[in-house]
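# Geometric and topological summary
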Amino acid sequence: MKLAVFGYPIEHSLSPQIHSAFAAQFGRELEYARILAAPEQFSERLQEFHQAGGGGANVTVPLKEIALTLCDDLSERAHAAGAVNTLIRTKQGWRGDNTDGIGLVRDLQRLGVGLKDSRVLILGAGGAVRGVIMPLLNAGVSTLHIANRTAARAERLAAEFAEKFAGVTASSLTAIETERPWTVIINATAAGLQGERPHVSEKILHGQPFCYDMVYGQQPTAFLQWAAEQNCATADGLGMLVEQAAASYRIWTTEQPQTLPVLQALRQQLE
Ligand code: ATR
């Protein structure tokens, strides 16, 4: 099967390695390339890929929203996410799906975080957040609060889901409720990429929520370091990366790969 990941930049993508490891579990031959595509070239690159026999692809930053516009058919979760991270070629054209949210949910489950009737606080209101709201709600989260530096952006996002789900609320980073403890806090802001953490009160850590960062790297992010100093259990987004990949792999092949050995190998490699 001929697959690829499209992004801009793309050279550091771990997806080829992850999918090769999955394929090896089933003795499957897989060709999985990295394709660099600036947003304005993406449509053309995708067409070339299809003409060369490409049957499926992953899409990463900053192309996920554009990918949605190039699809002939969309899954419900891609539609709700407003973004596509998985493309499958069908007779009708490209079908778009989004496995980011289920990747996060599966990783939290693996980490032993119970989501049923839980209270989840998400920091940030960008594209990464939109993709995980529905899957978290479907996993049984009862309160999902979106807090963002720019409160209006969080409020707009919450309003999209609030009609269907009563438990979705929003605020600025400084107006987060601290009375009742949070089960899990997910950092989905880009603050970590600048070595910063979102400016939130220490009081949100009351009750020791599980603290998760969607970003991963060699070092824990400033947010995770801060949470660990307050004795909270923490995890970065490497597991989410592997889980979303597994869900994509399953869409293409119908095979369910084992994620833990792949995650462990990547972690060793990062250290
Ligand atoms: P993505 O698609 O990865 O979510 P994005 O749409 O650029 O990226 O969103 C980045 C998010 O990180 C936003 O929620 C942004 O807050 P604003 O909406 O107020 O811009 C947040 N963010 C970026 N830098 C931040 C910082 N230093 N502190 C807190 N939040 C930050």
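For every chain, the first residue of its written sequence is number 1, and the numbers climb from 1 along that sequence. Where totals are concerned, whole chains, interfaces and linings use all residues; where local detail is concerned, this predicted model gives features only for residues with pLDDT of at least 70, and gives and counts side-chain atom pairs only at 80 or more.

## Re the domain arrangement of the protein
For interface size, the figure often reported is the accessible area lost on association. To keep things clear, this is the line we draw: What fixes the domain bounds is an automatic or database domain assignment. Here, residue contact means that the backbone-derived C-beta atoms of the two residues sit within 7 Å. The helix count covers DSSP runs of H or I at least four residues long, the strand count covers runs of E at least two residues long, and both are numbered beginning at the N terminus.
We note that the domain assignment places domain 1 (2–98 + 239–270) and domain 2 (101–236) within the protein. Taking only C-alpha atoms, the centre of domain 1 and the centre of domain 2 are 25 Å apart. Taken together, the contacts link 15 residues of domain 1 with 16 residues of domain 2. Elements that contribute at least two residues to the side of domain 1 that touches domain 2 include exactly helix H3 (64–69), helix H4 (76–81) and helix H9 (238–253). Sort the elements by how many residues they give to the side of domain 1 that touches domain 2 and H9 lands first, with six residues.

## Let's talk about the sheet that holds strand S10 (residues 184–187)
This is how it is decided: The pairing criterion is simple: DSSP has to find at least two bridges between the two strands. To obtain an axis, a line is fitted to C-alpha atoms, over the contacting stretch when the element is a helix, and the angle between two such axes runs from 0 to 180 degrees between their N-to-C directions.
If you trace the six strands from one edge of the open sheet to the other, you get S9-S8-S7-S10-S11-S12, paired in parallel fashion. Edge positions in the sheet fall to strand S9 (168–172) and strand S12 (234–235), since each has one partner strand and no second. When strand S7 (residues 119–123) meets strand S8 (residues 143–148), the two strands line up parallel, connected through five bridges. By the bridge assignment, arginine 119 is partnered in S8 with threonine 143. Of the strands in this sheet, S7 and S8 touch helix H6 (residues 127–138), which is tilted by about 165° from S8.

## Thoughts on unusual backbone geometry
Threshold: Partly exposed residues are those whose C-beta has more than 12 but fewer than 20 other C-beta atoms within 10 Å; 20 or more makes a residue buried and 12 or fewer makes it exposed, with C-beta atoms placed from the backbone.
Between tyrosine 8 and the following residue, proline 9, the backbone shows a cis peptide bond with an omega angle of 10°. Checked against the element boundaries, proline 9 lands in the loop between strand S1 (2–7) and helix H1 (15–25). Following valine 61, the chain continues into proline 62 via a peptide bond in cis, with omega recorded as 0°. For aspartate 117, which is not a glycine, the phi torsion comes out positive at approximately 55°. Take aspartate 117: it is sitting in the loop between helix H5 (100–110) and S7. If you check the backbone angles, asparagine 231 has positive phi at about 65° while not being a glycine. As for its placement among the helices and strands, asparagine 231 is situated in the loop between helix H8 (222–229) and S12. With 8 C-beta atoms counted inside 10 Å, the residue asparagine 231 sits in the exposed group.

## Topic: the packing of H5 against H9
How two helices pack is summed up by the angle between their axes together with the distance between the axes. Using the following cut-off: Here roughly perpendicular refers to angles of 65 to 115 degrees, roughly parallel to angles under 35, roughly antiparallel to angles over 145, and oblique to all remaining angles. Rotating anticlockwise by less than a right angle from the far helix to the near helix defines a left-handed crossing, while the corresponding clockwise rotation defines a right-handed one. As a working rule, the residues Ala, Val, Leu, Ile, Met, Phe, Trp, Tyr, Cys and Pro are called nonpolar, Asp, Glu, Lys and Arg charged, and the rest polar, with Gly in that last group.
Their axes nearest at 7 Å, the elements H5 and H9 cross at an angle of 120°. As judged from the angle between their axes, H5 and H9 are oblique. Between H5 and H9 lies a crossing of right-handed hand. Residues Asp100, Ile102, Gly103, Leu104, Arg106, Asp107 and Arg110 of H5 form the contact with H9, whose own contacting residues are Gly239, Met240, Glu243, Gln244 and Ala247. Here the contact of H5 with H9 is composed, by residue class, of four nonpolar, three polar and five charged.

## Overview of H8
This is how the line gets drawn: By construction, the arc corresponds to the directions joining the helix axis to the C-beta atoms.
Here H8 has its buried residues at Phe223, Leu224 and Ala227. For H8, the buried positions fall inside an angular range of 95° around the axis, keeping them on one side. Close packing links the buried residues of H8 with S10, strand S11 (210–213) and S12. Two residues or fewer past H8, asparagine 231 is found with a positive phi of approximately 65°.

## What to know about the site of the ligand
Inclusion rule: For each residue, a C-beta atom is placed from the backbone, and the residue is labelled near a molecule or strand when this atom is within 6 Å of it.
Inspection of the region around the ligand gives 17 residues, with Gly126, Gly127, Arg149, Thr150 and Ala191 positioned closest. In terms of residues, the shell around the ligand owes the most to one element, H6, which gives three residues. When grouped by side-chain class, the residues that make up the shell around the ligand number seven nonpolar, seven polar and three charged.

## Structural notes on the UniProt feature "domain: Shikimate dehydrogenase substrate binding N-terminal" (unreviewed entry) in the protein
Our working definition: UniProt positions are given in the numbering used here, feature names are shortened, and annotations may be inferred rather than shown by experiment.
Within the UniProt annotation, "domain: Shikimate dehydrogenase substrate binding N-terminal" (unreviewed entry) is assigned to residues 5–87. Within the segment residues 5–87, helix and strand shares are 40% and 20% respectively, and the terminal C-alpha atoms sit 10 Å apart.

## Section: the nonpolar core
Let me state the cut-off plainly: Note on terminology: a nonpolar core is any set of buried Ala, Val, Leu, Ile, Met, Phe, Trp, Tyr and Cys residues joined through C-beta atoms within 7 Å.
One finds Phe6, Ile122, Leu123, Val129, Ile146 and Ile186 to be the most contacted residues of the largest nonpolar core, which totals 78 residues. When residues of this core are assigned to domains, at least three map to each of domain 1 (2–98 + 239–270) and domain 2 (101–236). The residues contacting leucine 123, other than those within four sequence positions of it, are Ala147, Leu173, Ile185, Ile186, Asn187, Ala188, Thr189, Pro198 and Val200.

## Points about the confidence of the model for the protein
Heads up, the rule is: Values of pLDDT, which run from 0 to 100, indicate the predictor's confidence residue by residue.
On average, residues of the protein score 97 in pLDDT, and 100% of them reach the 70 mark or higher. Here the complex is predicted with pTM 0.96, and the ipTM for its interfaces comes to 0.96.

## Thoughts on the pairing of S1
To keep things clear, this is the line we draw: A right-handed crossover is one whose linking path, passing over the helix from the first strand to the second, runs clockwise when the strands point away from the viewer.
The element S1 is largely enclosed, with a buried count of five among its six residues. Across six bridges, S1 lies against strand S2 (residues 31–36) in parallel orientation. Within S2, the position partnered with leucine 3 by the bridge is tyrosine 32. Viewed along the sheet, the connection from S1 through H1 into S2 turns out right-handed. Both S1 and strand S3 (residues 56–59) contribute to a ladder of four bridges, which runs parallel. If you follow leucine 3 over to S3, its bridge partner there is glycine 56.

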